[in-house]
Amino acid sequence: MIGFILRRLLQAVLVMLTISFASFVIQGKLGDPVTQMVGQNVTLAERAQLTESLGLNDPLLQQYARYLSDALSGDLGVSYYHKQATLAVIGDRLPATLELSFCALLIVLLTATPLGVFAAIRPRHILSRLIVIVSTLGLSVPIFVVAMFLVYFFAVEWQWLPSFGRGETHLLFGFWSSGLVTKDGLQHLLLPSVSLAFVLAPIFVRLIRAQMLEELDSDYVRYAWSKGIPAHRVYFVHALKNTMLPVITVGGIQVGTLIAYTILTETIFQWPGMGLLFMEAVSRVDAPLISAYLIVVGLIFVLINTLVDLIYLWVNPRVRIPGYGQ
Amino acid sequence: MSLLTLDKLSVTFGNFRAVDQISYSVEAGEVLGIVGESGSGKSVSSLSVMGLIDHPGKVKAAQLTFMGQDLLAMGEKQRRKITGSDIAMIFQDPMTSLNPCYTVGYQIIEALKTHQGGNKKQLQQRAIELLTLVGIPAPETRMSAYPHQLSGGMSQRVMIAIAIACNPKLLIADEPTTALDVTIQAQIIDLLINLQQQKQMGLVLITHDLALVAEVAHRVIVMYAGQIVESGPAAEVFSTPKHPYTQALLASLPESAAGKSRLMALPGVVPGQFDRPSGCLLSPRCPYATERCHEEVPPAQGPLTRQVKCHTPLDMNGSPIK
Ligand SMILES: Nc1ncnc2c1ncn2[C@@H]1O[C@H](COP(=O)(O)OP(=O)(O)O)[C@@H](O)[C@H]1O
Ligand SMILES: [Mg+2]
């Protein structure tokens with residue numbers, strides 16, 4: 001058990017090292033940092049001096065070590081465009097993205113679970129067939145199409161909901177600007193989070209349905225039926241718990257998909273989060289900001305996956321044995 | 001009144017008759033053995049008694065009654081009240097039949113709570129008694145064990161504990177020892193037979209082990225390709241089998257093969273969904289098959305207590321009657 005956790009943490013560190021190296025390369029090699037800082041109109045001698053003082057002539061490994069130690073002390077460089085520490089810039093945008101992702105995931109969980117479970121326990125019901133068809137089609141519908149439809153009807157045609165920006169926010173605990181506490185903020189949240197959920201839900205509906213079907217066909221479910229316990233217990237106590245275990249793991253991996261789609265969603269809805277910030281940084285070739293984004297997102301990904309593994313460990317009795325994995 | 005009565009019960013999957021018009025009954029306190037090769041329909045017929053045949057399987061019967069109650073006519077809820085309490089079943093693979101996510105205690109108490117109720121403490125107490133009854137050492141600590149922490153034999157004991165939790169009148173054991181070590185098999189059978197006698201349950205014992213059936217069963221049913229080919233008192237069926245299939249099964253036992261001059265094993269396997277022959281289903285494999293056997297389906301003959309489904313049943317010496 002302890003061994004498992006240690007190994008998992010070691011993995012996390014290795015992944016972070018890899019990501020940090022990639023970010024380091026991007027930061028150093030994307031464009032010319034000197035030109036970015038001083039522009040074209042300085043003498044060659046001044047450029048050379050700046051290059052030397054920035055340490056750009058040192059061996060690559062030494063530069064990487066410096067980058068790492070700076071990163072560990074919380075310094076991921078200064079954004080060319082914002083003229084601010086990149087971490088501070090990202091930190092400002094973090095709440096917007098997290099609130100969007102959280103709402104989208106909540107919608108996914110609340111819709112995909114019942115739909116997937118229903119499709120599995122009533123496989124021949126007309127609704128189940130519909131669920132299977134729609135979720136299969138849904139897998140291949142690009143998010144901007146979904147977003148376009150939602151915006152067209154809800155924002156343009158019926159004018160019920162705003163289609164861009166975050167609306168009114170409130171500062172919570174002194175650092176977290178939240179749109180969840182104002183009516184305007186919630187209204188602004190609706191279209192982007194539903195679009196995002198639309199893209200993720202089909203994956204989960206199909207996953208939950210497939211897993212549940214497999215569990216319903218298992219020996220222990222047949223045995224549960226033979227005990228004469230009520231159907232809802234067979235479905236929701238016996239089969240569902242075993243269904244959700246693998247779903248948790250896949251859910252962790254899908255965080256990557258989620259991050260990718262937040263970039264698209266935020267761009268479409270001009271949602272002032274990290275994804276939009278990233279797109280802006282890319283178009284401005286703001287190398288420090290791009291690399292800092294990669295690090296932060298990588299860290300979030302690794303943290304969530306480690307957390308998911310620990311949750312799995314905690315809810316799955318089969319893994320909770322002393323000496324597991326030896 | 002019989003405990004369980006089946007009359008012309010069939011289970012079909014599409015056009016395939018996995019169980020084909022079988023009839024038998026079980027009395028209180030009786031051990032009925034069911035034998036036959038894999039694929040003979042032993043499991044499917046028991047599952048149909050439990051009401052566990054899923055779509056697309058269909059169960060049809062002239063009669064399927066438990067203590068006079070028509071199991072096929074009653075509603076699903078009412079049937080579930082009987083299933084797991086008055087009729088209980090234990091399965092072949094104890095390691096996969098218990099839910100890996102819940103403790104032993106939880107799974108026993110679930111059965112008790114569903115059918116009998118009671119407060120938490122009583123349920124806990126009763127579960128521990130049951131574990132003691134089936135010979136599980138340190139039952140209090142076992143209550144919080146997960147299935148993967150138990151050996152196969154222990155898991156099977158837990159399944160037996162759950163099966164007898166609500167004092168069933170009929171217990172169906174579908175190859176309860178097939179998945180277990182040879183050394184454990186005898187212990188589990190002893191336990192089952194002891195419980196059966198203590199509680200005067202009807203026991204349907206499905207097994208490959210003919211020697212075991214000869215030892216513990218009162219009556220025996222021999223199944224082949226979904227049909228009952230021979231039935232009767234266990235001692236009689238095994239001393240003087242009338243059906244060539246029963247004879248072949250007995251001949252394949254090591255002890256009889258050693259002593260007798262005629263050693264015979266049937267070539268081939270039980271016909272599956274797509275290769276059922278016309279006429280007698282055994283005819284392609286039967287050493288005594290005649291032209292008639294290949295064309296005409298044999299009727300069941302003999303008194304109800306001693307039936308055989310064969311055109312040329314065997315005589316006292318084991319030779320076909322022409
Ligand atoms: N769900 C099912 N669908 C189709 N055929 C089935 C199903 N379950 C069992 N069968 C078939 O029914 C026959 C009898 O199976 P079974 O009762 O399990 O045999 P036994 O228990 O005697 O070994 C086999 O040919 C098997 O393939
Ligand atoms: Mg079987």
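Numbering of residues starts from 1 in every chain and runs along the sequence as written. Working convention: letters from A go to chains and numbers from 1 go to ligands, in the order in which they are written. Per-residue local features of the predicted model are confined to residues with pLDDT of at least 70, and side-chain atom pairs are confined, for both listing and counting, to 80 or more; whole-chain, interface and lining totals are unaffected and use all residues. Excluded from the side-chain calculations are hydrogens and water; all other atoms, namely the structure's heavy atoms, are used.

1. A look at the overall build of chain B
Heads up, the condition is: Helix and strand definitions here come from DSSP, where helices need a minimum of 4 consecutive H or I residues and strands a minimum of 2 consecutive E residues; each element is numbered from the N-terminal end. Radius of gyration means the value over C-alpha atoms here, while the globule rule gives 2.2 Å times the residue count to the 0.38 power. The cut-offs for exposure are 20% and 50% of the maximum accessible area for each residue type, with area from a 1.4 Å probe on protein chains only; residues under the lower value are buried, those over the upper are exposed, and the others partly exposed. Any two residues whose heavy atoms approach within 4.5 Å at even a single point are treated as in contact.
Within chain B, the secondary structure is distributed over 13 helices and 13 strands. Computed over its C-alpha atoms, the radius of gyration of chain B comes to 21 Å, within 12% of the 20 Å expected for a compact globule of 322 residues. Structurally, chain B occupies a C-alpha span of about 70 × 45 × 35 Å along its principal axes. Here chain B holds 322 residues, and the buried ones make up 55% of them. A separation of at least 24 residues holds for 64% of the contacts in chain B among residues at least 6 apart in sequence.

2. With respect to the site of ligand 1
Residue and element names in this part refer to chain B. Defined as follows: Proximity criterion: a residue is near a molecule or strand once any of its heavy atoms comes within 4 Å of it. Pairs of N or O atoms within 3.5 Å make up the polar contacts considered here, provided that, within protein, one atom can donate a hydrogen while the other can accept it, and that residues adjacent in sequence are counted only when both atoms are side-chain atoms. Reported accessibility uses the Shrake-Rupley method at a 1.4 Å probe radius. Residues are deemed covered only where the shown protein chains occlude them. Note on residue categories: nonpolar means Ala, Val, Leu, Ile, Met, Phe, Trp, Tyr, Cys or Pro, charged means Asp, Glu, Lys or Arg, and polar means any other residue, Gly included.
Phe13, Phe16, Ala18, Glu37, Ser38, Gly39, Ser40, Gly41, Lys42, Ser43 and Val44 make up every residue found near ligand 1. At 2.7 Å, a backbone N or O of Gly39 approaches an oxygen atom of ligand 1. A distance of 3.1 Å separates an oxygen atom of ligand 1 from a polar backbone atom of Gly41. Across the complex, the protein chains shield 63% of the 570 Å² of accessible surface that ligand 1 would expose by itself. Listing elements by their share of the shell around ligand 1, those giving two or more residues are strand 2 (16–26) and helix 1 (42–50). Looking at which element gives the most residues to the shell around ligand 1, the answer is helix 1, with three residues. Across the shell around ligand 1, the residue classes break down as four nonpolar, five polar and two charged.

3. Re the side chain of Ser48 of chain B
Structurally, Ser48 of chain B is set in helix 1. Here Ser48 of chain B falls in the buried class, since its relative accessible area comes to 1%.

4. So, the domain arrangement of chain A
Often, the extent of an interface is quoted as the loss of accessible area on bringing the components together. The cut-off we apply is this: Residue ranges assigned to each domain were obtained from an automatic or database domain assignment.
By the assigned domains, chain A splits into domain 1 (34–75) and domain 2 (90–320). Distance from the C-alpha centre of domain 1 of chain A to the C-alpha centre of domain 2 of chain A: 41 Å.

5. Observations regarding a positive patch on the surface
Stated precisely, the cut-off is as follows: To count toward a patch, a residue needs a relative accessible area over 30% and no salt bridge; like charges are then connected within 9 Å, while nonpolar side chains (Val, Leu, Ile, Met, Phe, Trp, Tyr) are connected within 5 Å. We count a salt bridge whenever a side-chain nitrogen from Lys or Arg sits within 4 Å of a carboxyl oxygen from Asp or Glu. Counted charges follow a simple rule, with Lys and Arg positive, Asp and Glu negative, and His plus the chain ends left uncounted. A charge is said to be at NZ when it belongs to Lys, at CZ for Arg, at CG for Asp and at CD for Glu.
A surface patch of positive charge is lined by Arg124 and Arg129 of chain A together with Lys58 and Lys60 of chain B. Note on placement: Arg124 of chain A falls in the loop between helix 5 (86–121) and helix 6 (126–139).

6. So, a nonpolar patch on the surface
Residue and element names in this part refer to chain A. A cluster of nonpolar side chains, namely Met148, Phe149, Tyr152, Phe153, Val156, Trp158 and Trp160, defines an oily patch on the protein surface of about 780 Å² accessible area. Within the secondary structure, Trp158 is located in the loop between helix 7 (143–157) and strand 1 (170–172). Residue Trp158 is classed as partly exposed on the basis of its relative accessible area, which comes to 41%.

7. Topic: the environment of Leu195 of chain B
All names here are of chain B. Here Leu195 lies in helix 8 (residues 182–199). With 185 residues separating them along the chain, Leu195 and Ser10 place their C-alpha atoms 31 Å apart. When sequence neighbours within four positions are dropped, the list of residues in contact with Leu195 reads Leu133, Val134, Ile160, Ile164, Gln200 and Met201.

8. Here we look at the interface of chain A and chain B
Formally: By convention, the term buried area covers the 1.4 Å-probe accessible surface removed from two parts as they join, with the contributions of both added.
Chain A puts 22 residues into the contact, and the matching count from chain B is 28 residues. On the chain A side of the interface with chain B, the three residues burying the most area are Arg222, Tyr223 and Lys227 of chain A, jointly 28% of the side's total. Where chain A meets chain B, there are two salt bridges. Across the pair Glu110 of chain B and Arg233 of chain A runs a salt bridge, and its minimum N-O distance is 2.9 Å.

9. Here's the deal with the packing of aromatic side chains
Threshold: Pairing of aromatic rings covers Phe, Tyr and Trp, the last counted by its six-membered ring, and requires centre-to-centre distances within 6.5 Å; plane angles under 30 degrees mean stacked, over 60 mean edge-to-face, and any other angle means tilted. When the NZ atom of lysine or the CZ atom of arginine is within 6 Å of a ring's centre and also within 35 degrees of its normal, the charge is said to sit over that ring.
Throughout the structure, instances matching the rule amount to 16 aromatic pairs over all chains. Where Phe149 of chain A meets Phe153 of chain A, the ring centres are 6.4 Å apart and the plane angle is 25°; that geometry is what we call stacked. With Phe149 of chain A and Phe153 of chain A both in helix 7 and four residues apart, the pair spans about one turn of that helix. Look at Phe153 of chain A and you get partly exposed, because its relative accessible area is 31%. A connected cluster of aromatic rings, assembled from ring pairs, spans Phe149, Tyr152, Phe153, Phe154, Trp158 and Trp160 of chain A. The cationic tip of Lys241 of chain A hangs over the ring face of Tyr102 of chain B; the distance from NZ or CZ to the ring centre is 5.0 Å. Arg284 of chain A extends its terminal NZ or CZ atom over the ring of Tyr81 of chain A, reaching a point 3.6 Å from the ring centre.

10. Quick word on the UniProt feature "transmembrane region" (unreviewed entry) in chain A
Residue and element names in this part refer to chain A. Condition: UniProt positions are given in the numbering used here, feature names are shortened, and annotations may be inferred rather than shown by experiment.
Following the UniProt record, the feature "transmembrane region" (unreviewed entry) maps to residues 96–118, 130–155, 189–208, 243–269 and 289–315 here. The span residues 96–118 is 100% helical and 0% strand by assignment, and the distance between its end C-alpha atoms comes to 33 Å. Taken end to end, residues 289–315 has its terminal C-alpha atoms 39 Å apart, with 100% of it in helix and 0% in strand.

11. Brief notes about the pairing of strand 2 of chain B
Residue and element names in this part refer to chain B. Quick reminder of the rule: In this scheme, strands are said to pair when DSSP sees at least two bridges between them.
Sheet topology note: the strand 1 (residues 4–13)/strand 2 ladder contains seven bridges and is antiparallel. If you follow Val11 over to strand 2, its bridge partner there is Val19. Hairpin geometry of strand 1 and strand 2 is characterised by an intervening segment of two residues between the two adjacent antiparallel strands and by a positive phi of about 65° at Gly14.

12. A closer look at the confidence of the model for chain A
Rules: A score between 0 and 100, pLDDT records how confident the predictor is in each residue.
This prediction gives chain A a mean pLDDT of 84; 94% of its residues lie at or above 70. When mean pLDDT is compared element by element in chain A, helix 9 (residues 219–226) of chain A scores highest at 95, while helix 2 (residues 33–38) of chain A scores lowest at 68.

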